[in-house]
Structures are given as C-alpha cells and as structure tokens.
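Each chain, written out:
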Amino acid sequence: MTGVRYPSLATAVAAATSGDRLVMIGNETLGATLVVSNKMLTLVSDGSVRTVTASTNCSDGMVSILGMTATLTLGEPGGSDASPTLVFDGGRYLGVSSLSKMFFLDLGWLTIHPGVLMRNLASVTAGAIYNQLGVVEMYGGRIENNSAPYGGGICTQMGDVWIYGGSITGNVAEFGGGIYNDAAQWFMNNIIVGYYGQVDFHGGLLANNMANVAGGGIFSYGKLDISGGQILRNSAPQGGGVLHANGKAPYGMSLRGSAVVASNTATQGSGIYYNDDGNTWLTLAEGARVHPSNDVFLAIGTSPVILESALTGRGVAARLTPSAYVT
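Computed from a predicted model, the values in this text were never measured in an experiment.

A. Region of the structure containing the overall build of the protein chain. Counting secondary structure elements, the protein chain contains one helix and 37 strands. Here the C-alpha atoms of the protein chain give a radius of gyration of 20 Å, agreeing with the 20 Å that 2.2 N^0.38 yields for 327 residues. C-alpha atoms of the protein chain, sized along the principal axes, occupy 70 × 50 × 35 Å. Sorting the 327 residues of the protein chain into buried and exposed places 54% on the buried side. Taking as baseline every contact in the protein chain between residues at least 6 positions apart, the subset at least 24 positions apart corresponds to 78%. Taken as a whole, the protein chain presents about 13300 Å² of accessible surface, with 53% of it coming from carbon and sulfur. Across the protein chain, the centroid of the 15 positively charged side chains sits 6 Å from that of the 20 negatively charged ones.

Pasting the structure below:
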C-alpha cells in the first residue's frame, strides 16, 4: 500500500480527492456521521477484518452520501461473503439505539461488493440503507440483524435498488422486513409525467426476515422486478415473501427468470400478497416459481395475472388464491 496514513476515516475522506481508494488498517468507532459529497471513493480493508462501529454521536446515521456526484464503493469484486473483512456495526448490542439509519443516500450512489457486512442496527426510522432518489447496487455483501420501522435491510424512497448477489437476512421491520420500496409521482405543471421508485432483484438471497404488519421479505409500492435469486422463510401477517401494492404509482410486479419464492409464512399471501389498487398487473414469465404451499393472494377480485411468455419451469409455477371464489 502507498499513500498517506490518516488517524480516522473522517480525516481520510476529507483529504481524499475523487477516485481515491481508502484502505482500512484498523478498527474505528465513528465520532460523528461520515459525509461523502462531490467525490467518488472506494473503501476496502487491508485483508484483515476491519470494523466500523456506530456511536451515539452519529446524529444522521453512520455514513451520508450526498449529491449526484457522490459515489461510495464498498469492498472489491474478489471479496468473500463467507469471510467478510469490511464490517459496519450499528452498535445495537453496545447500547446504540438512536440512529436513524446506517447508510443514507440523497441522490448518491452506493456499490456493495462481496466481503462487506452491515449488521446490528436498531434504527428509529429506516433500515441499514436508506436510499432517497439515489442508486444502490449490490453485487455481494451481507445485510443482517437490523431493525427499523420501514425496511429493516433496505428502505428506498423514490430511488433505484439493483441486487445481483449477496444476502439480506434476519432483519425486522413493521413494513418490509428485508426491503421497503416506496414510490412517488413526478409532476410537471401539475401533470404527472413519470414515477420514481424501483427494485430489481436479479440474484442473491432474501431470507428469514420478518415484518410485524406486511411484507416479510419485500414491501413494495414501486416497480418490482424479481428475475432471479431466492426469497425464502420470510414472515408477516400479509405477504410473507412479498407484498406489492400500487397506491402511489401504477407499477406492476414481475416474477421471471429463475426466481424462486418458497417456505414463507403469512395469514394471507404466504408467498406473494398482490393488491391491485392501481390497475396494474402481476406478470409471470420463464422459469420463475412460487413453490407450494406458498401462494399468490390476489387481494382485489379483478387482479389480472399476465403470462408474458411460455413458462419454462417444471411442475407448478404458482398457486393463485383469489379474494373471493366467484365467476
């Protein structure tokens, strides 16, 4: 390694220029919220396990990524999720219970590679990652054992979340144990010209998360495209695996590719609870499956299910449960 040695992350970030790579050579308890703005930075460990821990002095979460030109990349493509070396600990077992979130994005960009672990956050508002109009891309990493009212793992509000790998497990929330996906209308001259808010789940594991109200794995008001990965053993009263509603934007949900929804539990919609209150549809395609005994609960009697293409899987693709058994 070459470069200047700094006594803390805050001093290193303040001194860094866009494009710099910061290497953790020790553990650190943050003395305040770490702010990244107008820079593109990468943060890695030196190969040993390095832990960044929250404190009660982190008034706006642990790390804030602010502005369209702010980018933070955590870890490297060659990292290992079996043996994480860059750890962010919210400190819930150290008495830290007042944090609002762990990572906060306001128009920023966060990239997560294998070998990164985010754990032990007890948030009073949003999950380990709170994404507002920004982009989160997850190629690996583990988000686990966090709690929040909305989105124990990830809470995204009018932003994009792209998940290609890694795991979101053991998180708890009122709505969206693993992920909470909110959306909003975009107005121009009092006319709706578009919508913000989407989650693309291409791969990885979403498992053992719990919601006390709805959406054990995912609670979604925005666009939701599940094209790979596994949604397993999540639980909630409604939508054990996924609850998708359309009250804020006319977005539908698609289940395609090799995606698997299985072994989730709920009173209604153990696999998927689909509430078509925005005149949208649930699209099934290719080899995606909702394994029995998980079902797809259609909360609105006129909810359509669209078969976009030939179903390529073997066996049952999904079991549909209508809100009422009528013609």
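Don't stop here, the text continues.
B. Just the pairing of strand S8 (residues 86-89), in detail. Here S8 shows two buried faces, one formed by Leu86 and Phe88 and the other by Val87 and Asp89. When strand S5 (residues 50-53) meets S8, the two strands line up parallel, connected through four bridges. The residue bridging Thr53 from the neighbouring strand is Asp89, located in S8. Strand direction decides the pairing type here: S8 and strand S11 (residues 116-119), joined by four bridges, are parallel. Within the sheet, the bridge partner assigned to Asp89 lies in S11 and is Arg119.

C. Region of interest: the sheet that holds strand S23 (residues 198-201). If you trace the 11 strands from one edge of the open sheet to the other, you get S1-S4-S7-S10-S13-S17-S23-S27-S30-S33-S36, paired in parallel fashion. Strands with a single pairing partner mark the edges of an open sheet, and in this sheet they are strand S1 (21-24) and strand S36 (305-311). In this sheet, neighbouring strand axes are inclined to one another by 10 degrees on average, regardless of whether the strands run parallel or antiparallel. Taken together, the four bridges between strand S4 (residues 40-45) and strand S7 (residues 71-74) define a ladder with parallel strand orientation. Bridge pairing in S7 links Thr42 to Thr73.

D. Seen up close, the sheet that holds strand S28 (residues 230-232). With parallel pairing, the 10 strands of this open sheet are ordered in space as S2-S5-S8-S11-S14-S18-S24-S28-S31-S34. For this open sheet the edge positions go to strand S2 (28-29) and strand S34 (289-290), each flanked by a neighbour on one side alone. Both S28 and strand S31 (residues 260-262) contribute to a ladder of three bridges, which runs parallel. Bridge pairing links Ile231 to Val261 in S31.

E. Up close: empty space enclosed by the protein. Tallied over the entire structure, the rule returns one cavity of 30 Å³ or more. Lining the largest cavity, in full, are Leu9, Val13, Leu22, Leu34, Val36, Leu41, Leu43, Val63, Leu72 and Phe88. Across the lining of the largest cavity, the residue classes break down as 10 nonpolar, no polar and no charged.

F. Up close: a nonpolar patch on the surface. The grouping of Met68, Leu107, Leu133 and Tyr196 at the surface amounts to a nonpolar patch, some 380 Å² of accessible area in total. Among the structural elements, Met68 can be located in the loop between strand S6 (63-66) and S7. Met68 gets classed as exposed once you look at its relative accessible area, which sits at 71%.

G. Quick peek at the packing of aromatic side chains. Evaluation of the coordinates by the stated rule reveals 10 aromatic pairs. Measuring from ring centre to ring centre gives 5.7 Å for Tyr150 and Phe175, while their planes differ by 10 degrees; the resulting arrangement is stacked. Linking Tyr150 in strand S15 (residues 147-150) with Phe175 in strand S19 (residues 172-175), this pair joins segments that are 25 residues apart in sequence. Arranged with centres 5.1 Å apart and planes meeting at 35 degrees, the rings of Tyr273 and Phe297 form a pair that is tilted. One end of the pair, Tyr273, is in strand S32 (residues 272-275); the other, Phe297, is in strand S35 (residues 296-298), and 24 residues separate them in sequence. Through successive ring pairs, a cluster of aromatic residues spans Tyr150, Phe175, Tyr180, Phe219 and Tyr221. Its guanidinium or amino end placed over the ring of Phe104, Lys101 lies 4.5 Å from that ring's centre, counting from NZ or CZ.

H. View of unusual backbone geometry. Put simply, Pro292 and Ser293 share a cis peptide bond, and its omega is 10 degrees. Secondary-structure assignment places Ser293 in the loop between S34 and S35. Look at Ser263: it is not a glycine, yet its phi comes out positive at around 60 degrees. Mapped onto the secondary structure, Ser263 falls in the loop between S31 and S32. What makes Ser263 exposed here is its relative accessible area of 51%.

Thresholds applied
Residues numbered from 1 in each chain as written. Predicted model: local features only at pLDDT ≥ 70, side-chain atom pairs only at ≥ 80, totals over all residues. Heavy atoms only, no water. Helix = DSSP H or I, 4+ residues; strand = E, 2+ residues; numbered from the N terminus. Rg over C-alpha atoms; globule rule 2.2 N^0.38 Å. Buried < 20%, exposed > 50% of the residue type's maximum accessible area, 1.4 Å probe, protein only. Contact = heavy atoms within 4.5 Å. Areas by Shrake-Rupley, 256 points an atom, 1.4 Å probe, with all protein chains shown as cover. Lys, Arg positive; Asp, Glu negative; His and termini not counted. Charge placed at Lys NZ, Arg CZ, Asp CG, Glu CD. Pairing = 2+ DSSP bridges. Axes fitted to C-alpha atoms, helices over the stretch in contact; angles between N-to-C directions. 1 Å grid on protein atoms, 1.4 Å probe; cavity = no way out; pocket = protein on both sides within 12 Å on 5 of 7 lines; lining within 4 Å. Points joined across faces, edges and corners; volume = space filled by probe spheres on them. Nonpolar A, V, L, I, M, F, W, Y, C, P; charged D, E, K, R; others polar. Patch = residues over 30% accessible without salt bridge, like charges linked within 9 Å, V, L, I, M, F, W, Y side chains within 5 Å. Salt bridge = Lys/Arg side-chain N within 4 Å of Asp/Glu carboxyl O. Phe/Tyr/Trp six-rings, centres within 6.5 Å; stacked < 30°, edge-to-face > 60°. Lys NZ or Arg CZ within 6 Å of the ring centre and 35° of its normal.

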